[in-house]
Amino acid sequence: MNSVLQHDLNDIENILEKAKQQGIGFLNNLENIPTSNKESIDTNCHLNELGLGSLEVLNEFNERLAPLMVASPGPRYWGFVTGGSTPASIVGDWLASVYDQNTQAVKAQGGVSALIEFETINLLLQLLELPKTFLGGFVTGATMSNFTCLGVARQWFGSQLGKDFAKNGISETIPVLAATPHSSSIKTLAMLGIGSQNYTVIKTIEGNREAIDIDDLEKNIRSLSGKPFILISSAGTVNTADFDDFEAISKLREKYSFWWHIDAAFGGFAAVSEKNKHFVKGWEGADSITIDCHKWLNVPYESAFYLIKEQHTALQIETFQNSNAPYLGNPLENFNYLNVLPENSRRLRALPVWFSLLAYGKNGFRDIVENSVVLALSFGEQLTETGNFELLAPIRLNNVCFTLKGDHNQEKVSQFLTHLNDTGKVFMTPTVYQNRKGIRASFVNWRTTENDIRIVIEEMKTVVLELDI
Ligand SMILES: *Cc1c(COP(=O)(O)O)cnc(C)c1O
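A quick note: this is a predicted structure, and the numbers were derived from the prediction, not measured.

(A) Focus on the site of the ligand. Near the ligand, the surroundings consist of 13 residues, among which Thr-143, Asp-263, Asp-292, His-294 and Lys-295 are the closest. Separating a nitrogen atom of the ligand from a side-chain N or O atom of Asp-263 is a distance of 2.6 Å. With respect to the ligand, the side chain of His-294 contributes an N or O atom lying 2.8 Å from an oxygen atom. When the ligand sits alone it has 380 Å² of accessible area, and the protein chains cover 83% of it. Here the shell around the ligand is composed, by residue class, of four nonpolar, six polar and three charged.

(B) View of the sheet that holds strand β10 (residues 429–433). The strand order β8-β9-β11-β10 describes an open sheet built from four strands, whose pairing is antiparallel. Only two strands of the sheet have a single partner each, and these edge strands are β8 (389–391) and β10. Along the sheet, successive strands turn relative to each other by an average axial angle of 45°, direction set aside. Pairing analysis gives four bridges linking strand β9 (residues 399–404) to strand β11 (residues 436–442), with the strands arranged antiparallel. From the neighbouring strand, Asn-399 faces β11, where its bridge partner is Ser-442. Lying on the sheet, helix α12 (residues 351–385) is in contact with β8, β9 and β11; it crosses β9 at an angle near 10°.

(C) Region of interest: the sheet that holds strand β5 (residues 258–263). Read across the open sheet, the seven strands follow the order β1-β7-β6-β5-β4-β2-β3; overall the sheet is mixed. Bordering the open sheet on either side are β1 (134–139) and β3 (200–201), each of which pairs with just one other strand. Here strand β2 (residues 176–178) runs beside strand β4 (residues 229–234); their pairing, made up of three bridges, is parallel. Considered in β4, the bridge of Val-176 is made with Ile-230. Each of β2, β3 and β4 touches helix α9 (residues 214–222); the most contacted strand, β2, lies at about 170° to it.

(D) Representation of the packing of α12 against helix α14 (residues 450–466). Here α12 crosses α14 at 25°, and the two axes come no closer than 10 Å. Here α12 is positioned roughly parallel relative to α14, judged by the angle of their axes. Of the two possible hands of crossing, α12 and α14 adopt the one that is right-handed. Where α12 abuts α14, its residues Leu-375, Ser-378, Phe-379, Gln-382 and Leu-383 lie against Glu-450, Ile-453, Val-456, Ile-457 and Met-460.

(E) Here's a closer look at the pattern of salt bridges. For the coordinates displayed, the defined rule picks out 26 salt bridges. One salt bridge in this structure joins Glu-60 and Arg-64, with 3.0 Å as the shortest N-O distance. Here Glu-60 and its partner Arg-64 are both found in helix α3 (residues 54–65), four residues apart, which amounts to about one turn of the helix. Among the residues examined, Glu-60 registers a relative accessible area of 35% and is labelled partly exposed. When the shortest N-O distance is used, the salt bridge between Arg-349 and Glu-302 registers 3.9 Å. Within this pair, whereas Arg-349 is found in the loop between α11 (313–320) and α12, its partner Glu-302 is found in the loop between β6 (288–292) and β7 (304–309), the two being separated by 47 residues in sequence. In the salt-bridge network here, residues are joined through shared partners; they are Glu-129, Glu-274, Lys-277 and Lys-362.

(F) Broad picture of the pairing of β6. Among the five residues in β6, five count as buried, and that is most of the element. Judged by which residues are buried, β6 turns out to be covered on both faces: Ser-288, Thr-290 and Asp-292 on one side and Ile-289 and Ile-291 on the other are all buried. Pairing analysis gives three bridges linking β5 to β6, with the strands arranged parallel. Looking at β6, one finds that Asp-263 is bridged to Thr-290. The pairing of β6 with β7 spans five bridges and is antiparallel. Across the sheet, residue Ile-289 finds its bridge partner in β7, namely Leu-307.

(G) How the structure looks around the side chain of Ser-145. In this structure, Ser-145 sits in helix α6 (residues 142–160). By relative accessible area, which is 0% here, Ser-145 ends up buried. The residues contacting Ser-145, other than those within four sequence positions of it, are Val-139, Ile-289, Thr-290, Ile-291, Phe-305 and Tyr-306.

What counts and what doesn't
Residues numbered from 1 in each chain as written. Predicted model: local features only at pLDDT ≥ 70, side-chain atom pairs only at ≥ 80, totals over all residues. Heavy atoms only, no water. Near = heavy atom within 4 Å. Polar contact = N/O pair within 3.5 Å; in protein donor to acceptor, adjacent residues only side chain to side chain. Areas by Shrake-Rupley, 256 points an atom, 1.4 Å probe, with all protein chains shown as cover. Nonpolar A, V, L, I, M, F, W, Y, C, P; charged D, E, K, R; others polar. Pairing = 2+ DSSP bridges. Helix = DSSP H or I, 4+ residues; strand = E, 2+ residues; numbered from the N terminus. Axes fitted to C-alpha atoms, helices over the stretch in contact; angles between N-to-C directions. Contact = heavy atoms within 4.5 Å. Parallel < 35°, antiparallel > 145°, perpendicular 65-115°, else oblique. Left-handed = near helix turned anticlockwise from the far one by under 90°. Salt bridge = Lys/Arg side-chain N within 4 Å of Asp/Glu carboxyl O. Buried < 20%, exposed > 50% of the residue type's maximum accessible area, 1.4 Å probe, protein only.

This is how it looks when you write it as structure tokens:
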């Protein structure tokens, strides 16, 4: 064995202890760590011939890189839609690296890791009150989940015309209908060879809504004259957390033949709360659903899952079968994750979620969701009260979409946001909503409290004064 590796091996307890201490140092100080950082690094780092050993590298990381890390798991990181690791999710994530299992086949050495993934999906179905007719698996994010689901949708469309697109390529135009698809679904259409511009934009409901207008949807369906199609619907749009009417879409299923996909990346978690589950009523009728765990489930990044109805498993295998590996056997008999999703080698990605669900239970996640909603409403109220801001849309769930009050301030919105984010006290993201420049604050993190809102409102008032708005 190489001598540096040997040294590290002998010293592993000490090394992991130091890494643990470092982690505790970061997590216990999150409140004070800035949410943004403008510093850069010289990326021309010279590769050391001999290697430094883990402890030396930990020192180097501490000196050069750790101080530049932003508090993205912290309570005032409100950009995008992102949670922050909980203690249990960190345990699961660390142990996934320690155990380093290849999570593929059920009937193989190390097969129990695939069963842990089954078990985790089963727990998630219980959390979200979805039927066991969905099978699921873990991928890196909602983008890959959308890709997996829409990949099977594409195969389904081909099968309706007696074609196998996976084998022979796409030989037909695939009608895709959507009202307010997330940018990642559009990207997915590009990756799947359907074409990012080749979808029909359905109207949204009149007024301040992003949800699909069911009448316009049906009008567009009729104009397809019975041709099958793919519908991409939303459970939680990123700007205003709007939801399509899933009961109405279920009714359309009785009349028309289509693949129904729901992007529920964060909004799916509305299902864990009595107060909010009405938003997803009827969603169990979908063919496929995308959900992100690194959002409202508050586990570390690169954790999402897809749910696809069991009746479509054969199509799913046609889409993703890793067919040039003969030792795999019959894919239906010998279940192997590599035949049903994009990746082949996979880590035990389910483990952080497994730990989280067992550790915090239904109540834990209900509390996180309901607390986020209360905080979003409170933030919306307080920012309106300052007299400097206005909401661009009503707050339906956990996302607050707002702007500087008055059209004359439109050109100051990005300057305001830059100044605000530069304080390092809070991080929000820019958006455009109904042709107006806006700002989004998304409440997802389990650590956020009313005190954080107070801190942020004060910062916002200060920036308003500084910029003479
Ligand atoms: C965040 C999000 C995505 C993309 O998720 P990633 O995990 O970043 O790939 C897709 N759809 C919706 C509705 C989202 O909120």
